[in-house]
Amino acid sequence: MVDHFLLKSYIASILDNVLVKKGYLKYPVNLFKTFDISVLFSYLLFPVSCIYFNQLTSKSSNLGIIIKALLFSAPSALAEDWIEKNTKLISYKKSWTSLHSFYSIASTFIMVKYIMGLIRNLSKKQTENTQ
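In this text the structure is predicted, and so the values were computed from the model without any measurement.

Focus: the packing of aromatic side chains
Inspection of every chain in the model, using the stated rule, returns 4 aromatic pairs. With centroids separated by 5.5 Å and ring planes inclined at 75°, the aromatic side chains of Phe-53 and Phe-72 adopt a geometry described as edge-to-face. Highlighted residues: Phe-53 in helix H2 (residues 39-56) and Phe-72 in helix H3 (residues 62-86), separated in sequence by 19 residues. Here Phe-72 falls in the partly exposed class, since its relative accessible area comes to 22%. Ring centres of Phe-102 and Tyr-103 lie 5.2 Å apart, and the angle between their planes is 65°; this geometry places the pair in the edge-to-face category. In this structure Phe-102 comes out as buried when scored by relative accessible area, which is 15%. Every member of this aromatic cluster is reached through a ring pair, and the members are Phe-53, Phe-72 and Phe-109.

A closer look at the pattern of salt bridges
Enumeration over the complete set of coordinates arrives at 1 salt bridge. One salt bridge in this structure joins Lys-85 and Asp-81, with 3.1 Å as the shortest N-O distance. In this pair, Lys-85 and Asp-81 both sit in helix H3, 4 residues apart, roughly one turn of the helix. Classification of Asp-81 as buried rests on a relative accessible area of 17%.

Things to note about helix H4 (residues 98-130)
The end-to-end C-alpha distance of H4, which contains 33 residues, comes to 48 Å, matching closely the 48 Å that a straight helix rising 1.5 Å per residue would cover. One side-chain oxygen at the N-terminal end of H4 lies 3.2 Å from the backbone nitrogen of Leu-99; it belongs to Thr-97.

Section: unusual backbone geometry
Phi is positive for Lys-94, close to 50°, though the residue is something other than glycine. For Lys-94, the location among the structural elements is in the loop between strand E2 (91-92) and H4. The phi dihedral of Ser-95 falls on the positive side, at around 65°, and the residue is not glycine.

Reading guide: rules and limits
Residues numbered from 1 in each chain as written. Predicted model: local features only at pLDDT ≥ 70, side-chain atom pairs only at ≥ 80, totals over all residues. Heavy atoms only, no water. Phe/Tyr/Trp six-rings, centres within 6.5 Å; stacked < 30°, edge-to-face > 60°. Helix = DSSP H or I, 4+ residues; strand = E, 2+ residues; numbered from the N terminus. Buried < 20%, exposed > 50% of the residue type's maximum accessible area, 1.4 Å probe, protein only. Salt bridge = Lys/Arg side-chain N within 4 Å of Asp/Glu carboxyl O. Expected span 1.5 Å × (residues − 1). Polar contact = N/O pair within 3.5 Å; in protein donor to acceptor, adjacent residues only side chain to side chain.

Laid out in structure tokens, this is it:
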């Protein structure tokens, strides 16, 4: 579980940082002045939801994984859309919308799922080869 959490945090912070640097997103209010990203979302909320997602999809087919990724992404994208419209915590720039957020969140759920599967398979093969 910790591996999912850390991988999701790492990927989320990199993608968020790229989007901020490219000017698609802006976080006018930050908990920590040294970060341009949403620390709370990238390092806590998003990784925790990834753990639940990975637990619920452990026996799912590829189609089931995609559907669940979309279902898991909807609340985050809707919350982000509400936050963007009603607070000054996030600002969309350069025609970025909550739909973009929805697809980027869903794709990272799927990406982490398959990266962790690849790591597990490689680890299993390495363990089998050393025994």
